[in-house]
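The chain contents come next:
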Amino acid sequence: METGGSSESPTEPKKGKAKIPRKSKESILKQKSPAEFFAENKNIAGFDNPGKCLYTTVRELVENSLDSAESISELPVVEVTIEEIEKSKFNSMIGLVDRERVDEQLYDDYETDKAREKRLAKEARVQEIQAKNAALGKKLKETPVPKGIKARGEASFYKVTCKDNGKGMPHDDIPNMFGRVLSGTKYGLKQTRGKFGLGAKMALIWSKMSTGLPIEISSSMRNQSYISFCRLDIDINKNIPHVHLHEKREKKDHWRGAVIQVVIEGNWTTYRSKILHYMRQMAVITPYAQFLFKFISDAPDKNVSIRFARRTDVMPPVPFETKYHPSSVDLLLIKRLITETSKQNLLQFLQHEFVNISKSYAERLIGEMGPEFNPKMAVKSLKSQQIVRIRQLLRQAKFDDPSGDCLSPAGEYNLRLGIIKELQPDMVATFSGSAQVFEGHPFIVEAGVSLGGKDVKQGLNIFRFANRIPLLFEQGADVVTRTAFKRINWSSYKINQMQDKIGVFVSIVSTKIPFKGTGKEYIGDDITEIASAVKNAIQQCCIQLKSKIVKKMQAREQQERKRNLSKYIPDATCAVHNVLKEMAQLHASKKNRYGDEDVELLGKVSASLITKETLIDKLAKHVEQVDYEMALEYATQSGVSEEPKEALYMPPLEAEKEMITLQSPFFVFRVLQ
Ligand SMILES: Nc1ncnc2c1ncn2[C@@H]1O[C@H](COP(=O)(O)OP(=O)(O)OP(=O)(O)O)[C@@H](O)[C@H]1O
């Protein structure tokens with residue numbers, strides 16, 4: 001085993017350590033570290049209560065794993081395990097000896113004999129009613145049977161482990177990546193699930209707050225011959241990692257990736273369905289990933305093990321980092337870019353540090369700035385007022401919109417695949433919009449609308465994704481929900497908003513998703529560009545669906561017509577045959593005279609060559625013929641190209657057998673050899 005150094009004391013940052021001025025005696029001023037702030041306001045990062053904390057911890061770890069695998073174009077394999085740890089096991093983990101209660105009345109869940117009697121009587125009553133209803137065959141209403149009261153302090157503990165096949169982390173960066181709030185590698189202008197440099201630290205802060213246990217990280221990168229292992233917690237006041245152990249361990253195989261493990265308080269019972277929904281929706285929007293989710297407890301009936309198999313090998317292109325759009329910059333940003341740039345003069349700076357400024361355009365801009373500016377001037381010597389002038393001009397000048405090339409939308413193929421897998425709908429339509437822009441950030445909206453399907457409730461069922469993260473909370477305030485409920489006239493597309501089972505899937509990707517809050521739970525309805533792009537994407541799907549619905553309705557009408565005509569054949573033929581028989585009798589008794597043609601016919605009726613059955617047969621054939629001709633006429637009118645087509649998706653074969661794989665941007669075809 002190779003040891004890369006361990007430390008028992010907090011790792012102090014050497015550079016950039018802020019000096020806090022000495023306070024005068026009467027000063028009441030206090031400072032707070034970011035870690036302290038987020039520990040006190042953990043709800044703004046999605047850590048509201050123990051149940052939600054469990055959910056958000058899983059989320060943060062899974063999203064980091066996906067970001068990591070995708071950053072190296074690796075098809076992600078992510079394994080999440082939540083292991084329930086019962087109280088005495090937890091106590092022994094932390095070296096606390098279990099203690100029996102002595103003074104029962106001291107506890108919050110203490111019940112007097114009378115209260116207990118009352119509760120048991122109530123429970124018995126409820127059970128009796130339920131049994132009676134069941135015997136009468138009545139549908140059972142969800143009458144909760146009151147359970148024995150749970151103590152306020154009765155906590156449940158969980159060990160959450162997330163393993164991936166991603167990039168891994170540089171050995172020396174691990175303590176800061178997990179032990180310093182607001183530190184991360186995803187701050188650049190790039191579409192990533194993570195952004196704030198906060199999620200993993202929040203999981204650690206919560207573990208520190210609820211169990212006091214550290215986080216454990218194992219990681220290995222492509223060319224590393226060792227596995228980095230780090231056990232750390234966070235010094236909340238100083239916002240620095242407190243490293244317990246940081247070492248390099250022997251690597252026996254070619255493993256690459258990361259394993260993160262944290263023990264937290266949580267509530268599986270109340271957040272089970274949210275966590276499973278999250279995993280399922282993540283599998284929908286990431287069909288090229290393989291997920292294994294496990295919940296392990298001492299009660300085997302509670303155990304869950306779900307494998308979300310990879311359904312395609314086609315991974316969306318890796319998003320790449322882009323530069324700022326000149327129209328969206330502010331003074332701080334320009335100053336930062338000036339400090340960080342390797343370019344010497346103003347011309348090079350404008351041309352290379354922003355998108356959509358060519359050399360000639362940069363020259364025109366500099367000319368417009370005034371006589372004290374020139375292309376060759378040293379960019380690092382610009383004075384504050386000059387920077388203000390640059391900013392004013394960049395704000396007012398005309399620039400092309402940023403292109404969406406740097407983005408990586410899920411793609412219509414993946415979206416459709418996900419919808420079909422998730423809902424198994426009767427009909428589905430998808431649409432992928434072109435790149436648009438808000439505040440200098442490109443964004444792309446994709447949508448899918450489905451009708452019918454398995455486990456879909458009547459009305460609108462909304463599924464939201466942002467930078468390929470499923471959003472499950474704060475649905476009511478989100479731009480997608482509001483648009484679907486308020487701005488789409490469903491009936492004009494022949495869709496019944498109340499009765500049809502409608503699935504609305506919207507995925508937005510951008511270099512900046514304007515989430516409300518750091519919890520990444522919803523996108524507000526106040527950004528007009530995004531709201532109108534969402535509306536357009538849903539409408540485009542509805543237009544496609546409408547034509548399918550109309551075709552279906554016409555086909556149904558046609559069938560109905562045929563059925564109606566066929567229904568009347570026996571009565572109609574009976575009536576016609578009776579008339580013919582009567583005519584034949586009149587002709588025979590010479591009471592009526594008929595033309596030659598009629599006489600021939602009446603002769604056949606008299607000779608029983610034309611019977612009721614022959615008439616039925618002829619009429620049925622005629623209805624069939626008319627129906628066929630109408631269908632043909634319809635097909636010719638609407639053109640063969642518009643015949644309803646259904647896309648075909650083939651799940652990847654699981655077998656290890658030798659296969660030839662044919663790949664195209666739209667499909668993967670595997671042939672067994
Ligand atoms: N599984 C992992 N594999 C590789 N790197 C990881 C992994 N988990 C975390 N990291 C690194 O640690 C950094 C911090 O992660 P953290 O979750 O705190 O923030 P983030 O993902 O950058 O942003 P956000 O707070 O929005 O999730 C990441 O930027 C990433 O570089």
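On a predicted model such as this, the values are computed, not experimentally measured, just so you know. (Residues numbered from 1 in each chain as written. Predicted model: local features only at pLDDT ≥ 70, side-chain atom pairs only at ≥ 80, totals over all residues.)

(A) Seen up close, the packing of helix H2 (residues 50-71) against helix H6 (residues 199-210). Where H2 meets H6, the axes come as close as 9 Å, and the angle between the chain directions of the two elements is 145°. Crossing handedness for the pair H2 and H6: left-handed. Within the contact between the two elements, H2 uses Cys-53, Thr-57, Glu-60, Leu-61 and Asn-64 and H6 uses Gly-199, Ala-200, Met-202, Ala-203 and Trp-206. Considered class by class, the residues forming the contact of H2 with H6 number six nonpolar, three polar and one charged. (Axes fitted to C-alpha atoms, helices over the stretch in contact; angles between N-to-C directions. Helix = DSSP H or I, 4+ residues; strand = E, 2+ residues; numbered from the N terminus. Left-handed = near helix turned anticlockwise from the far one by under 90°. Contact = placed C-beta atoms within 7 Å. Nonpolar A, V, L, I, M, F, W, Y, C, P; charged D, E, K, R; others polar.)

(B) Highlighting the site of the ligand. Of all residues adjacent to the ligand, which total 22 residues, the nearest are Asn-64, Ser-68, Gly-184, Gly-194 and Gly-199. Classifying every residue of the shell around the ligand by side-chain character gives seven nonpolar, nine polar and six charged. (Near = placed C-beta within 6 Å.)

(C) Examining helix H13 (residues 479-487) more closely. Turning to H13, its buried residues are Val-479, Val-480, Thr-481, Thr-483 and Ala-484. If you follow the buried residues of H13, they end up packed against strand E12 (459-466), strand E14 (501-510) and helix H14 (528-588). (Buried ≥ 20, exposed ≤ 12 C-beta atoms within 10 Å, placed from the backbone.)

(D) Quick look at the domain arrangement of the protein. When the domains of the protein are assigned, the result is domain 1 (34-92 + 152-308), domain 2 (112-148), domain 3 (326-396), domain 4 (412-543) and domain 5 (551-642). Just the C-alpha atoms count here: the centres of domain 4 and domain 5 sit 52 Å apart. (Domains from an automatic or database assignment.)

(E) Spotlight on unusual backbone geometry. A positive phi angle, close to 55°, is found at Ser-73, a residue other than glycine. With respect to the helices, strands and loops of the structure, Ser-73 is situated in the loop between H2 and strand E1 (77-85). The backbone of Asn-356 sits at a positive phi, close to 60°, despite the residue not being glycine. Along the chain, the position of Asn-356 falls in the loop between helix H9 (346-353) and helix H10 (359-369).

(F) Broad picture of the sheet that holds strand E7 (residues 290-296). What the eight strands build is an open sheet, ordered E5-E4-E3-E6-E2-E1-E7-E8; its pairing is mixed. Of all strands in the sheet, those with a lone pairing partner are strand E5 (240-250) and strand E8 (304-308), marking the two edges. Strand after strand, the sheet turns through a mean of 15° between neighbouring axes, direction not considered. Where H2 meets the sheet, its contacts fall on E1, strand E2 (156-164) and strand E6 (257-266), and the angle it forms with E6 comes to roughly 175°. Contacts between H6 and the sheet are confined to strand E3 (215-220), strand E4 (226-235) and E6, with E6 contributing the most and set at about 40° to the helix. (Pairing = 2+ DSSP bridges.)

(G) Summary view of the pairing of E2. Counting buried positions along E2 gives seven out of nine residues, so the element sits mostly inside the fold. In terms of strand pairing, E1 meets E2 through seven bridges, oriented antiparallel. Counted as the bridge partner of Glu-79 is Lys-163 from E2. In this structure, E2 lies alongside E6, joined through nine bridges in antiparallel fashion. By the bridge assignment, Lys-159 is partnered in E6 with Val-263.

(H) Examining the packing of H14 against helix H15 (residues 596-606) more closely. Viewed as axis vectors pointing N to C, H14 and H15 meet at an angle of 105°, and their least axial separation amounts to 9 Å. Accordingly, the angle class assigned to the pair H14 and H15 is roughly perpendicular. Side by side, H14 and H15 meet where Leu-580, Lys-581, Met-583, Ala-584, His-587 and Ala-588 of the first sit next to Val-599, Leu-602, Val-605 and Ser-606 of the second. (Parallel < 35°, antiparallel > 145°, perpendicular 65-115°, else oblique.)

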